[in-house]
Each structure stands twice: as C-alpha cells, then as structure tokens.
Amino acid sequence: MSKNAFSLDGKVIVITGAAGGIGMEVCRQLGGDGAKLIMADIDEVGLAAGKAELAARGVSALTFKANSSVEADVIALFKFVAKEFGMADILINNAAAGTHTPPQDTTLEIWDKVIGTSLTGYFLNAREFSKLVIAAKKPGAIVNISSIAGSSAIGRGNFAYSVAKGGVNQMTRELAIEWAKSKIRVNAIQPCSVNTPGWRKWIEIEGEIAAELDFPGHAPMPPELHYLQREPAIQTLISLRMDKASPLTHQKYTLKLSNSSGIKESDAIKIDAALKS
C-alpha cells in the first residue's frame, strides 16, 4: 500500500503512555505521516525526551502530564485537546501497568494499580475522547492496545494484568456497538511480548523471579525468549486508524510469533486486504 494511503495530514491524535515503548514508537510512525500529536504520560522526563526526538525528526508534538487512572487528569487532558484543536480524530489507548504477582499474593493495592491504569484508564480516555467527537459530529477512531494475555491465560503472575486486558477486549466490543451510530470505530490490537525497555527490564533484571513463577500445569518459559519487534504492531495500528478502514470496527487483531521467532500470524495482512477491496 502506498505511503499516501497512510497520510494523516491535519489529523489530531492523542496517545497515552507516549513517553516510551510502544507509545513512543506510535508517535514516531504517526508523526511521520503528518499527524498532530498530543503525547500524554505521567513521565515528564520521558515526554520531554520524546518531544525533543520528534522535533529533531521534524515532527511537532504537544505533551501533557496525565495519569490515566486519575479521572481529573484525563478530563484535564481532553480539555487541553479541545482548547488546542477543538477535537481529536484518533485515540491510541496505550498506557498500562503490569505486575508479576501470583494471585494469592496480589494485594488490593496491586490490583487497583493494574486495573486502574490498564482498564479504567482506557475507559476514562475513551469516554472523554468520545465527548469531543460526538459534539463535533465527525467520525473518530479508537485503537486499544491490548495483549494476548487478554484472550489466553499466560500465568507467571500476570493475573491482574491478564484480567485487565480481558476487560479491554470486551470494552472494545461494547464501545464499538455503543458508538457505531456516532461513527466512532473502536478496535484492539493484541501483541505478544514486545521488545520495549519495560519488557527488557523484566527479562534482564527479573528473569530469575520470572522463572520461579512457573507453576505446575502451566507452560514453562521457553529456553529462547521470542518477542515481537515494535514495528509490526505499529503497522497494524497504522492500518486501523486510516479513514479507509472505516468498515473495520469491533475487531481484535492478534500478533503472534512462531517457535522460530518469526511472525507466524499478523492480522495486519488481513486488514490491508480489506482496505484494498
């Protein structure tokens, strides 16, 4: 598909969790396609570094410090968006919190932190985004970054995170139905492990802890850890946010790996086929 098909000139995109990892890669890719970016995160240092990197690439972006799990922060974020641009065209729900704690050791504090950011935060951002889009009477698109953990039990202390991502998947379905009449498309991407700084920290620093969390009856961690580079996930996202993807909503797109650590299945291929039809 030609690069022109991916043009985002004039589109206003809000990205949560934008200070690093998948969020920052989204900013690199979408900013390069002409979008107006609003980067939201709790990490002010990371936001500043990301904004500077984008500026060096010729991409202009605004930053806003916001905790997705705090309702007042999310409301303030979208008031800022409304002040600067009137509305937003696209929301990338990406900010998340995880844990590697067995269920029997999961405190309410841990549970609330993970669910608050990884599920409630998605709802709050989607709700405030929808208010702007519906008021403007224009179409919009939401892409929720979910995980294969939302569809499969993966164990190893991912209990609260997996429950949150399962909630994201069902929320995606419900919002797609609720907001179809308002022309707001809602889709989700379910990557496997993605090579981000946070993931590398888990593997490199907490690898021994991860090994200890293998339970009888659960698949052990493979001797060779396979992961998804950021780009395939981002290319799927790029397809979903396009105006040409308007027939696509209420969908989950799963990115998996084969045992040879190559991409076995990427629904991005199916998306591109749908866009060309």
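Located above this text is the structure these notes cover.
Residues numbered from 1 in each chain as written. Predicted model: local features only at pLDDT ≥ 70, side-chain atom pairs only at ≥ 80, totals over all residues. Heavy atoms only, no water.

Draft legend 1. Just the nonpolar core, in detail. The biggest cluster of nonpolar side chains holds 51 residues, and the ones touching the most others in it are I13, L37, L77 and F78. Element by element, the count of residues in this core is highest for helix 4 (residues 108–136), at 6 residues. Beyond its immediate chain neighbours, meaning those up to four positions away, F78 contacts V14, L91, N125, E128, F129 and L132. (Core = buried A, V, L, I, M, F, W, Y, C linked by side-chain atoms within 4.5 Å. Buried < 20%, exposed > 50% of the residue type's maximum accessible area, 1.4 Å probe, protein only. Helix = DSSP H or I, 4+ residues; strand = E, 2+ residues; numbered from the N terminus. Contact = heavy atoms within 4.5 Å.)

Draft legend 2. Geometry of the packing of aromatic side chains. All chains considered together, the criterion is met by 2 aromatic pairs. With centroids separated by 5.2 Å and ring planes inclined at 35°, the aromatic side chains of F64 and F80 adopt a geometry described as tilted. Linking F64 in strand 3 (residues 61–65) with F80 in helix 3 (residues 71–85), this pair joins segments that are 16 residues apart in sequence. Accessibility expressed as a relative area gives 19% for F64, which makes it buried. Ring geometry for W111 and F159: centres 5.6 Å apart, planes at 35°, overall tilted. One end of the pair, W111, is in helix 4; the other, F159, is in helix 5 (residues 159–178), with 48 residues separating them in the sequence. Residue class for W111 comes out partly exposed when judged on its relative accessible area of 27%. (Phe/Tyr/Trp six-rings, centres within 6.5 Å; stacked < 30°, edge-to-face > 60°.)

Draft legend 3. The arrangement of the side chain of T117 in detail. Assignment of secondary structure puts T117 in helix 4. Apart from residues no more than four positions distant in its own chain, T117 is found in contact with S69, A95, A96, A97 and Y122.

Draft legend 4. Expanded view of the pairing of strand 1 (residues 12–16). Most of strand 1 sits out of view: 5 of its 5 residues are buried. Because side chains alternate across strand 1, one face comprises the buried residues V12, V14 and T16, and the other comprises I13 and I15, equally buried. Handedness of the crossover joining strand 1 and strand 2 (residues 36–41) through helix 1 (residues 21–31): right-handed. Relative to strand 4 (residues 90–93), strand 1 runs parallel, the two sharing 3 bridges. Residue pairing in the sheet places I15 in a bridge with I92 of strand 4. (Right-handed = clockwise from strand over helix to strand, strands pointing away. Pairing = 2+ DSSP bridges.)

Draft legend 5. View of unusual backbone geometry. At K137, a residue that is not glycine, the phi angle is positive and equals roughly 55°. With respect to the helices, strands and loops of the structure, K137 is situated in the loop between helix 4 and strand 5 (140–145). Assessed through its relative accessible area of 76%, K137 is described here as exposed.

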